[in-house]
Amino acid sequence: MSILIKNVQVEGREKNIYIEGNEIAAISEAGSSKETEFVIDGKRKAAIPGLFNGHTHAAMTLLRGYADDMPLHEWLSTKIWPLEARITEEDVYWGSKLACLEMIKSGTTFFNDMYWHWEGSARAVAESGIRAMLSAVFIDGFDAEKAKEQIKRNEALYAESKKLPKKIVFALGPHAIYTVSEESLCWVRDFSEKHDLLVHIHLSETEEEVEECKNRYGMRPVEFLDRIGFLSSRTIACHCIHLSRKEMELLKKNEVKIVHNPTSSMKLAAGGMPYEELKKAGLYPNIALGTDGCASNNNLDMIEEMKVASLFHKAFSGDPTSMPAHEAFELATRNAAKVFRLNSGAIAEGKLADIALLDLTKVELVPNHNLTSNIVYAANGSCVDTVICDGEILMAGRKVKGEERIKEKTQEVAYEFVDRNSS
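So, here is what we can say about the structure in this document. (Residues numbered from 1 in each chain as written. Predicted model: local features only at pLDDT ≥ 70, side-chain atom pairs only at ≥ 80, totals over all residues. Heavy atoms only, no water.)

1. A few points about the pattern of salt bridges
Right, on to step 1. Tallying each qualifying case throughout the model produces 27 salt bridges.
Right, on to step 2. For Asp390, the salt bridge goes to Arg131, with nearest N and O atoms at 2.7 Å. Of this pair, Asp390 sits in the loop between strand 15 (384-389) and strand 16 (392-395) while Arg131 is found in strand 8 (residues 131-136), placing the two residues 259 residues apart along the sequence.
Right, on to step 3. Residue Arg131 is classed as buried on the basis of its relative accessible area, which comes to 5%.
Right, on to step 4. Put simply, Lys214 and Glu211 hold a salt bridge, and the shortest N to O gap is 3.3 Å. Pair noted here: Lys214 and Glu211 are both in helix 6 (residues 207-217), with a separation of three residues, about one helical turn.
Right, on to step 5. Bridged by salt links that share partners, the residues Lys105, Glu403, Glu404 and Lys407 form one connected network. (Salt bridge = Lys/Arg side-chain N within 4 Å of Asp/Glu carboxyl O. Helix = DSSP H or I, 4+ residues; strand = E, 2+ residues; numbered from the N terminus. Buried < 20%, exposed > 50% of the residue type's maximum accessible area, 1.4 Å probe, protein only.)

See the structure below:
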């Protein structure tokens, strides 16, 4: 497929963007012409890279608003895990369909997911046209038999993933050090190294997790993972809130990637990621941004997440210069592209054609003194007009094919899922 986006703003200047196949083939002066299969009028629009959601649990859209205003471990143990124990692949499929729709509608073209019934998620992602890195939840509860089951399942899923579109990438998903045994973490380490797979894990999200690790292993979480050789440039560590200076140095030494989830952390009162300290430790290029799941956010709007991230660090540091707009934007674009090994995150020739077009006539974007500041501090997902992923048009004029059916069906599935498990 070939696409021409005519007269669109790219970094403040009107340009034409030519897309051939799944790449940006050329960026030229506005007014020039070239024959293509599709032409998009970019007048009064701005092109930005498709956004990355670095950490979420997509199918948890089913539980949006179901259990709010609770402490994290109580929320998990009394509300979330009991329902998830009975969730079906069809539930996950529809929850993921809704998540993909929500992300497309707000300019996201890639998300990093960890959830149950991997096959349901993969089916939904393939149908949506979005990119995703999918991991199955690996929890053994320190039970040797469950560990064997989880290992066998992940080996099978890895083999199965090779049949899927290239936009879907398999990752390993050990849930956390308090739900996965040392033996299983070592298996993940070895399998990841053997097949060069990224590893998606929750790390140092709460003080309770840190204390439990100290009691179990005699050291803090990052220190423990370093001791067993788990940490590497393939590790995607989500949250990283309660860190010592030594742990930050270990994360840097091992080239660990970090995903910051400020809205979820604030809502669950988990604490604040030490962003400025991580920057000083040299970890900024390895930090991306995520929403977490809809049960703890409660949306998947990465434009909103950028604003929350920036304001969060200004408020809690007392420094109005902390995480300026351009840094917040890079956490969801350039930085994230590096974290997830994708040739995207920028509007440039040779990059993957993952593009969102913003409607500059939206009141939130008027006047346009500084587009990046407007995106981070004023805009929201509704400012996105068009989304292209891998050279395919997924949304035009804010319309996504089949969106009404997805919303109606997922609402039915969500109500039935909760009612089924409440009886």
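2. Quick look at the state of the cysteines
Right, on to step 1. Tallied over the entire structure, the rule returns zero disulfides.
Right, on to step 2. Note on Cys238: no disulfide assigned, nearest cysteine sulfur contributed by Cys240 at a separation of 7.7 Å. (Disulfide = S-S within 2.5 Å.)

3. Some thoughts on the pairing of strand 12 (residues 257-260)
Right, on to step 1. Neither face of strand 12 is open: one carries Lys257 and Val259, the other Ile258 and His260, and all of them are buried.
Right, on to step 2. Sheet topology note: the strand 11 (residues 235-239)/strand 12 ladder contains three bridges and is parallel. Within strand 12, the position partnered with Cys238 by the bridge is Val259.
Right, on to step 3. Between strand 11 and its parallel partner strand 12, the chain crosses via helix 8 (residues 245-253), and the hand of that crossover is right-handed. (Pairing = 2+ DSSP bridges. Right-handed = clockwise from strand over helix to strand, strands pointing away.)

4. Here's the deal with the environment of Ile177
Right, on to step 1. With respect to the element layout, Ile177 can be found in the loop between strand 9 (168-171) and helix 5 (182-195).
Right, on to step 2. Not counting residues within four places of it along the chain, the set of residues in contact with Ile177 comprises Phe142, Leu185, Glu209, Cys213, Pro221, Phe224 and Leu225. (Contact = heavy atoms within 4.5 Å.)

5. A short note on the packing of aromatic side chains
Right, on to step 1. Scanning all chains against the criterion turns up twelve aromatic pairs.
Right, on to step 2. Seen from their ring centres, Tyr158 and Phe170 are 5.8 Å apart, and the 50° between their planes marks the pair as tilted. Of this pair, Tyr158 sits in helix 4 (residues 144-161) while Phe170 sits in strand 9; the two residues are twelve residues apart in sequence, bridging distant segments of the chain.
Right, on to step 3. Residue class for Phe170 comes out buried when judged on its relative accessible area of 5%.
Right, on to step 4. With 5.6 Å between their ring centres and 85° between their planes, Tyr158 and Phe191 make a pair best called edge-to-face. Residue Tyr158 is located in helix 4, and its partner Phe191 is located in helix 5; the two are separated by 33 residues in the primary sequence. Note on accessibility: Tyr158 and Phe191 belong to one class, buried. (Phe/Tyr/Trp six-rings, centres within 6.5 Å; stacked < 30°, edge-to-face > 60°.)

6. Observations concerning the packing of helix 2 (residues 89-105) against helix 3 (residues 118-128)
Right, on to step 1. Running from amino to carboxyl end, helix 2 crosses helix 3 at an angle of 35°, the nearest separation of the two axes being 8 Å. Regarding helix 2 and helix 3, the two cross each other, and that crossing is right-handed. Between helix 2 and helix 3, the contacting residues are Glu89, Glu90, Val92, Tyr93, Ser96, Lys97, Cys100 and Ile104 on the first element and Glu119, Gly120, Ser121, Arg123, Ala124, Val125, Glu127 and Ser128 on the second.
Right, on to step 2. Taken together, the residues that form the contact of helix 2 with helix 3 break down as six nonpolar, four polar and six charged. (Axes fitted to C-alpha atoms, helices over the stretch in contact; angles between N-to-C directions. Left-handed = near helix turned anticlockwise from the far one by under 90°. Nonpolar A, V, L, I, M, F, W, Y, C, P; charged D, E, K, R; others polar.)

7. Points about the sheet that holds strand 9
Right, on to step 1. With respect to topology, four strands assemble into an open sheet ordered 6-7-8-9, the strand pairing being parallel. If you trace the sheet from one side to the other, it starts and ends with strand 6 (51-56) and strand 9, each paired once. Taking each pair of neighbouring strands and ignoring which way they run, the sheet shows an average axis angle of 15°.
Right, on to step 2. Pairing between strand 7 (residues 108-115) and strand 8: six bridges, direction parallel. Of the residues in strand 8, the one forming a bridge with Phe111 is Ala132.
Right, on to step 3. Seen against the sheet, helix 4 touches strand 8 and strand 9 and runs at an angle of roughly 160° to strand 9.
Right, on to step 4. Here helix 11 (residues 302-317) sits on the sheet in contact with strand 6 and strand 7, set at roughly 75° to strand 6.

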